Amino acid sequence: MSKINIKKGDTVVVIAGEDKGKTGRVLAVLRDKDRAIVEGVNIVTKATKPSAQYPQGGLVKKEAPIHISNINLADPKSGKPTRIGVKRENGKVIRIAKKSNQEIK
């Protein structure tokens with residue numbers, strides 16, 4: 001299992017696959033499967049039975065997990081894909097975008 005530098009709430013860019021070039025916010029990170037769920041990316045249609053949440057049932061569109069290797073963090077300055085560096089200041093770890101050298105919040 002590799003180190004995952006992407007966290008919930010980060011803005012990411014899809015760099016490979018059907019949704020290449022799309023940008024979205026990370027809703028969840030599935031560390032054990034090396035996958036992340038990104039808002040508006042990898043939409044699938046699922047058939048659901050009627051329930052309290054969906055009284056009608058039918059087809060529901062939702063985001064499916066995408067492999068972590070197919071997404072890159074978006075640069076805070078330009079919005080383009082960038083790699084992540086780490087800097088330590090006063091005992092705290094700060095993530096930095098390699099392209100613009102800016103702090104990732």
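Structure: see above.
Residues numbered from 1 in each chain as written. Predicted model: local features only at pLDDT ≥ 70, side-chain atom pairs only at ≥ 80, totals over all residues. Heavy atoms only, no water.

A. The arrangement of unusual backbone geometry in detail. Here the phi dihedral of Asn-90 falls at roughly 50 degrees; this positive angle occurs in a residue that is not glycine. Considering the arrangement of structural elements, one finds Asn-90 in the loop between β9 (84-89) and β10 (92-97). Of note, Asn-101 is a non-glycine position whose phi angle comes to about 60 degrees, a positive value. Taking relative accessible area as the criterion, Asn-101 reaches 56% and is therefore assigned exposed. (Helix = DSSP H or I, 4+ residues; strand = E, 2+ residues; numbered from the N terminus. Buried < 20%, exposed > 50% of the residue type's maximum accessible area, 1.4 Å probe, protein only.)

B. Up close: the pairing of strand β3 (residues 35-38). Across the two faces of β3 the burial differs, with Ala-36 and Val-38 buried and Arg-35 and Ile-37 not buried at all. For strand β2 (residues 23-30) and β3, the ladder comprises 4 bridges, and the chain directions are antiparallel. Bridge pairing in β3 places Val-29 opposite Ala-36. Count of turn residues in the β2/β3 antiparallel hairpin: 4 residues, of which Asp-34 carries a positive phi of about 55 degrees. For β3 and strand β6 (residues 66-67), the ladder comprises 2 bridges, and the chain directions are antiparallel. Its bridge partner being in β6, Arg-35 is matched across the sheet by His-67. (Pairing = 2+ DSSP bridges.)

C. Quick peek at the pattern of salt bridges. By the definition in use, this model includes 3 salt bridges. In this structure, Arg-95 and Asp-10 form a salt bridge, with 2.9 Å as the shortest nitrogen-oxygen distance. Residue Arg-95 is located in strand β10, and its partner Asp-10 is located in the segment before β1 (11-14); the two are separated by 85 residues in the primary sequence. Accessibility classification places Arg-95 together with Asp-10 in one group, the buried group. The shortest N-O distance in the salt bridge between Glu-39 and Arg-25 comes to 3.5 Å. With Glu-39 in the loop between β3 and β4 (43-48) and Arg-25 in strand β2, this residue pair connects regions lying 14 residues apart in the sequence. Judged by relative accessible area, which is 37%, Glu-39 ranks as partly exposed. (Salt bridge = Lys/Arg side-chain N within 4 Å of Asp/Glu carboxyl O.)

D. Region of interest: the nonpolar core. In this structure, Ile-6, Val-12, Val-38, Ile-66, Ile-68, Ile-71 and Leu-73 are the most contacted members of the largest nonpolar core, which totals 15 residues. Among the secondary structure elements, those contributing two or more residues to this core are β1, β3 and β7 (71-74). Setting aside residues no more than four positions away along its own chain, Ile-6 makes contact with Val-12, Val-26, Val-29, Arg-31, Ile-68, Ile-71, Leu-73 and Arg-95. (Core = buried A, V, L, I, M, F, W, Y, C linked by side-chain atoms within 4.5 Å. Contact = heavy atoms within 4.5 Å.)

All we've got here are geometric facts, nothing functional implied.
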